[in-house]
Amino acid sequence: MTFPSRNLVYIILSTIVLGLVVGYFIDTSALKELILPVVVLMIYPTMIGFDMRELANLSEKRLIVVSLFINFVLVPILAYLLGFIFLIKNPELFAGLAIASLLPTSNMTIAFTMFAKGNVTASIKLTVFSLILGSILAPWYLYFMVGRYVPVDIWLIFKTIGIVVFLPLSMGILTFRCLRKRYTMEEFNIGIKPLLPGISAWGVIFIIFTSISMKSKLILDNHHLLAVAVFTQAVFYLINYILAVTGFKLSKLNKADGYALVYSTVLRNLAISIGLASTIFGTQAALMVSLAFLFQPQAAVWFKKLNERYHFLSAR
């Protein structure tokens, strides 16, 4: 059960390759209906043992301010500059990058924070705050960046938060209460808690495979645009990580908060982004967002591995 969470670097890469190959020859769109319930089951283990009262505790004010500043000031500026430099002749690709840059935090934010033993409580708060603020600001940012007002369904955002955050949160609290009636806290920490990241990892594998396979033909058939799009995405994520680590250093956070900061500012909400890109801007915009699926999970895993070696998130 814990094999994927112990070997995420190789598992994520294998899943991406498998998704590209399988999706090119087989229609996997039927799996789309399972994404939402799997997301709930993926987040659910991270919530077991979580104290509901922690959501009202805003003790991580510095972390929240730094995260929001990176997400809604620095990252949009970064996307605009990269789009202006590399994608000015491909306005649809520019629009795809802009959309992804304005919708921070994904379902993976909480899961990867847990895998890295980061501050999961702060990660939950940042996910909620960023999604709400992003849905309000994104239409105006897009109007400035690409010259078109793009309405974002705020009610859909609230419904998504309710389903993927508060539903598994309620399930996790009830589960923990039941477990505490049968096990001591020491038995829970030794016998049950180590298994929880493994359960979430299986959900991550399914979501990555489904997301990649459904967009495999779009990615592989547009080879004439791939070079510039892939290069731009790679630069975007690299600089995004640099901004997040720099924000950590300057704000003097601890390591657990550092992981929450990094994964709440680097991971974008690609599910919502690709829906907006494909319905409003077209195929090339959707392609740009789809390519982010190749970078986002793999980079998240490698960051944890590299941080363990080079200590990017070491406190001063």
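For the structure, see preceding data.
Computed from a predicted structure; not experimentally measured.

Here the focus is the nonpolar core. Formed by 98 residues in total, the largest nonpolar core has its most connected members in Phe112, Val204 and Tyr263. With 12 residues, the single largest contributor to this core is helix H15 (residues 283-310). If we ignore the near neighbours within four places in the chain, the residues touching Tyr263 are Thr109, Phe112, Thr113, Ala116, Tyr241, Ala300, Phe303 and Lys304.

This part takes up the packing of aromatic side chains. Summed over all chains, the structure comprises 16 aromatic pairs. An angle of 20 degrees between the planes, with centres 6.5 Å apart, marks the rings of Tyr80 and Phe84 as stacked. Of the two residues, Tyr80 and Phe84 both sit in helix H4 (residues 61-86), four residues apart, roughly one turn of that helix. Ring centres of Phe236 and Tyr237 lie 5.5 Å apart, and the angle between their planes is 85 degrees; on these two criteria the pair is classed as edge-to-face. By relative accessible area, which is 1% here, Phe236 ends up buried. Put simply, the rings of Phe112, Phe115, Tyr241, Tyr259, Tyr263, Phe303, Tyr310 and Phe312 pair up and form one aromatic cluster.

Now for the packing of helix H13 (residues 255-266) against H15. In contact at an axis separation of 11 Å, H13 and H15 are set at 160 degrees when each is read in the N-to-C sense. In terms of their interaxial angle, H13 and H15 are classed as roughly antiparallel. Considering only the axes of H13 and H15, their crossing is right-handed. On the side of H13, the interface is formed by Lys255, Tyr259, Val262, Tyr263 and Val266, while H15 contributes Gln296, Ala300, Phe303, Lys304 and Asn307. When grouped by side-chain class, the residues that make up the contact of H13 with H15 number six nonpolar, two polar and two charged.

The next subject is a nonpolar patch on the surface. Side chains of Phe69, Val73, Ile77, Leu81, Phe84, Ile85, Phe86, Ile88 and Phe231 sit close together on the surface and give an oily, nonpolar patch of about 850 Å² of accessible area. Of all the elements, H4 adds the most residues to the nonpolar patch, at seven residues. Among the structural elements, Phe231 can be located in helix H12 (residues 223-251). You can call Phe231 partly exposed: its relative accessible area is 45%.

What follows covers unusual backbone geometry. Most peptide bonds adopt trans geometry, and most residues besides glycine take a negative phi value. Positive phi outside glycine occurs at Thr105, with the angle close to 65 degrees. Secondary-structure assignment places Thr105 in the loop between helix H5 (91-102) and helix H6 (107-115). Phi is positive for Lys117, close to 60 degrees, though the residue is something other than glycine. Among the secondary structure elements, Lys117 is positioned in the loop between H6 and helix H7 (120-146).

Another aspect to go through is the side chain of Gln298. Tracing the backbone shows Gln298 in helix H15. By relative accessible area, Gln298 is classed as buried at 12%. Look past the residues within four positions of Gln298 in its chain and what remains in contact with it is Val9, Ile12, Leu13 and Ile16.

On to the pattern of salt bridges, then. A side chain of one charge can pair with a side chain of the opposite charge when the charged atoms of the two come close. Tallying each qualifying case throughout the model produces two salt bridges. A salt bridge links Glu60 to Lys125, with the nearest nitrogen and oxygen atoms 2.9 Å apart. Residue Glu60 is located in the loop between helix H3 (32-47) and H4, and its partner Lys125 is located in helix H7; the two are separated by 65 residues in the primary sequence. With its nearest N and O atoms 2.7 Å apart, the salt bridge here joins Glu308 to Lys304. With Glu308 and Lys304 both in helix H15, this residue pair falls four residues apart, about one helical turn. Judged by relative accessible area, which is 44%, Glu308 ranks as partly exposed.

Cut-off values and rules
- Residues numbered from 1 in each chain as written.
- Predicted model: local features only at pLDDT ≥ 70, side-chain atom pairs only at ≥ 80, totals over all residues.
- Heavy atoms only, no water.
- Core = buried A, V, L, I, M, F, W, Y, C linked by side-chain atoms within 4.5 Å.
- Buried < 20%, exposed > 50% of the residue type's maximum accessible area, 1.4 Å probe, protein only.
- Helix = DSSP H or I, 4+ residues; strand = E, 2+ residues; numbered from the N terminus.
- Contact = heavy atoms within 4.5 Å.
- Phe/Tyr/Trp six-rings, centres within 6.5 Å; stacked < 30°, edge-to-face > 60°.
- Axes fitted to C-alpha atoms, helices over the stretch in contact; angles between N-to-C directions.
- Parallel < 35°, antiparallel > 145°, perpendicular 65-115°, else oblique.
- Left-handed = near helix turned anticlockwise from the far one by under 90°.
- Nonpolar A, V, L, I, M, F, W, Y, C, P; charged D, E, K, R; others polar.
- Patch = residues over 30% accessible without salt bridge, like charges linked within 9 Å, V, L, I, M, F, W, Y side chains within 5 Å.
- Areas by Shrake-Rupley, 256 points an atom, 1.4 Å probe, with all protein chains shown as cover.
- Salt bridge = Lys/Arg side-chain N within 4 Å of Asp/Glu carboxyl O.

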